[in-house]
Amino acid sequence: MARLDVIERFHGISFPGHLHTQDSLQSALNFPFQDTDIVIVSYPKSGTTWMQQILTLISSRGDPHLSQTVPNWTRAPWLEHYYFAMLLEASPLTPRVITTHMPHHLLGPALQRSKAKVIYVSRNPKDVVVSFYHFHKMANFFPEAGSFQEFLNSFLEGTMQYGSWFDHIKGWTSQTGIMNNLLHVTYEQMTMDLPGTIKKLSSYLQSPLLDHEVDNCVKQCSFSSMKDNNMSNYTLITEDILDHSKGSFLRKGKVGDWKNMFTEELNQYFDGVFKSKMEDCNLEFVWEEKHKVETQADE
Ligand code: PPS
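Residues numbered from 1 in each chain as written. Predicted model: local features only at pLDDT ≥ 70, side-chain atom pairs only at ≥ 80, totals over all residues. Heavy atoms only, no water.

Asks: Looking at this structure, how should I read the packing of aromatic side chains?
Replies: Each aromatic ring pair is described using two quantities: the centre-to-centre distance and the angle formed by the ring planes. In total, this model carries 28 aromatic pairs according to the counting rule given. Ring centres of tyrosine 133 and phenylalanine 148 lie 5.2 Å apart, and the angle between their planes is 70 degrees; this geometry places the pair in the edge-to-face category. In this pair, tyrosine 133 sits in helix H7 (residues 125-138) while phenylalanine 148 sits in helix H8 (residues 148-157), placing the two residues 15 residues apart along the sequence. What makes tyrosine 133 buried here is its relative accessible area of 6%. Across from the ring centre of tyrosine 187, 3.8 Å away, lies the NZ or CZ of arginine 123, which sits over that ring. Across the ring face of tryptophan 258, the terminal group of lysine 126 is positioned such that the distance to the ring centre comes to 4.3 Å. (Phe/Tyr/Trp six-rings, centres within 6.5 Å; stacked < 30°, edge-to-face > 60°. Helix = DSSP H or I, 4+ residues; strand = E, 2+ residues; numbered from the N terminus. Buried < 20%, exposed > 50% of the residue type's maximum accessible area, 1.4 Å probe, protein only. Lys NZ or Arg CZ within 6 Å of the ring centre and 35° of its normal.)

Asks: What exactly am I supposed to notice about the pairing of strand S3 (residues 38-42) here?
Replies: Regular strands show a simple pattern: their side chains alternate between the two faces of the sheet. Burial within S3 is extensive, with five of its five residues counted as buried. Neither face of S3 is left uncovered, since the one carrying Ile38, Ile40 and Ser42 and the one carrying Val39 and Val41 both have all their residues buried. Alignment of S3 against strand S5 (residues 117-122), held across five bridges, turns out to be parallel. Across the sheet, isoleucine 40 pairs through a bridge with isoleucine 119, a residue of S5. (Pairing = 2+ DSSP bridges.)

Asks: Before we go on, may I ask you to explain the nonpolar core in this structure?
Replies: In this structure, Phe33, Met51, Ile54 and Ile119 are the most contacted members of the largest nonpolar core, which totals 94 residues. What methionine 51 contacts, discounting residues up to four positions off in sequence, is Ile40, Ile119, Val121, Val185, Met190 and Leu201. (Core = buried A, V, L, I, M, F, W, Y, C linked by side-chain atoms within 4.5 Å. Contact = heavy atoms within 4.5 Å.)

Asks: Looking at this model, I keep getting lost on the sheet that holds strand S4 (residues 97-100). Mind explaining?
Replies: Within a sheet, neighbouring strands are paired by backbone hydrogen bonds and run either parallel or antiparallel to one another. Across the sheet, which stays open at both edges, the four strands sit in the order S4-S3-S5-S6 with parallel pairing between neighbours. Whereas interior strands pair on both sides, the edge strands pair on one side only; in this sheet they are S4 and strand S6 (182-186). For this sheet the average axis-to-axis angle between neighbouring strands, irrespective of direction, equals 20 degrees. With five bridges connecting them, S5 and S6 associate as parallel partners. Residue pairing across strands places serine 122 opposite threonine 186, the latter belonging to S6. The sheet strands contacting helix H2 (residues 48-59) are S3, S4, S5 and S6, and the helix crosses S3 at an angle near 160 degrees. Where helix H11 (residues 194-204) meets the sheet, its contacts fall on S5 and S6, and the angle it forms with S6 comes to roughly 170 degrees. (Axes fitted to C-alpha atoms, helices over the stretch in contact; angles between N-to-C directions.)

Asks: How should I be thinking about the site of the ligand in this particular structure?
Replies: With respect to spatial proximity, 21 residues lie near the ligand, and among them Thr48, Thr49, Ser131, Tyr187 and Lys252 are the closest. One nitrogen or oxygen atom from the main chain of cysteine 221 is found 3.0 Å from a nitrogen atom belonging to the ligand. Backbone polar atom of glycine 253 to an oxygen atom of the ligand: 2.8 Å apart, as the coordinates give it. The fraction of the free accessible surface of the ligand (640 Å²) that becomes covered by protein chains is 96%. Of all elements in the fold, only H2 and helix H13 (223-228) reach the threshold of two or more residues within the shell around the ligand. If one sorts the elements of the shell around the ligand by residue count, H2 sits on top with three residues. Residue classes in the shell around the ligand are distributed as nine nonpolar, eight polar and four charged. (Near = heavy atom within 4 Å. Polar contact = N/O pair within 3.5 Å; in protein donor to acceptor, adjacent residues only side chain to side chain. Areas by Shrake-Rupley, 256 points an atom, 1.4 Å probe, with all protein chains shown as cover. Nonpolar A, V, L, I, M, F, W, Y, C, P; charged D, E, K, R; others polar.)

Asks: So what exactly am I meant to see when it comes to the pattern of salt bridges here?
Replies: If the charged atoms of two oppositely charged side chains come close together, the side chains can form a pair. For the coordinates displayed, the defined rule picks out nine salt bridges. Taking the shortest distance from any N to any O, the salt bridge between arginine 96 and aspartate 37 comes out at 2.7 Å. Of this pair, arginine 96 sits in the loop between helix H5 (84-90) and S4 while aspartate 37 sits in the loop between helix H1 (22-29) and S3, placing them 59 residues apart in sequence. A salt bridge links lysine 259 to glutamate 288, with the shortest nitrogen-to-oxygen separation between them at 3.0 Å. One end of the pair, lysine 259, is in the loop between H13 and helix H14 (264-277); the other, glutamate 288, is in the loop between H14 and helix H15 (290-298), with 29 residues separating them in the sequence. Where salt bridges share partners, they join Arg251, Lys252 and Asp257 into one cluster. (Salt bridge = Lys/Arg side-chain N within 4 Å of Asp/Glu carboxyl O.)

Take a look at the structure:
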């Protein structure tokens, strides 16, 4: 099933037909979650693969074997992909780790029927859109990216594949305090304090790790180690689907790379749209390392 040019429209959102069918999307909404399930929820390019790696390592108590022998999509398969059932069967992790990019208004009801633990991963949307733009250039199952400005417009309008970033983050994070089994972790927290984030996650999952186990997780979850690992760097995907000559899945792995793509004008435009779309959201974002912000303010 290549279907590289197919787009599936589902509840007003576009999904790549290479990975999704109407049946697989509908099955995701009816999935019988188990109370022991761990569910990674993210908008694309927010640190999903990184979280899959971290949860694999927590589950293995720092032992690298599974993270080095089983691809990330089998360890923590995507709920809405058409081959989900087959991969879930093959996944070696217990408890099961399931990944999804679905928005809350679609997946919330299925999750409510269980006590599955949800980990919502978010990232500065400016870095998300830059990462997604580069990924569109190498992934043959997405439409042409066009110019960065065109891509950014579509991101801000919420018309690109996987829908609106704004609806996604507001939908899921508005559940903090309502769903008592939801933990919100940011890409920036993982960057600033990976050992601390791993400890927090392992406690949330009621599987606290010893210090040396945390150290082993950190080693296997570093950008360089994941980039060198065929089981997390997507090089197993053939060229007709991911054109590796046009980029790397693990591209830069940096906080603030958006500054290399945004002009001052685009930045102001983005900030204006962000302000109006996030007016009804009181999340406090820390998207830069604190000392760096202070240093810049001092300059
Ligand atoms: S996807 O397609 O939705 O599954 O993509 P996702 O995994 O959410 O996001 C890919 C970006 O995450 C970066 N990444 C990391 N950054 C730092 N450290 C580690 N270990 C790491 N693993 C993945 C990856 O490089 C992509 O970001 P960019 O900015 O493009 O480099």
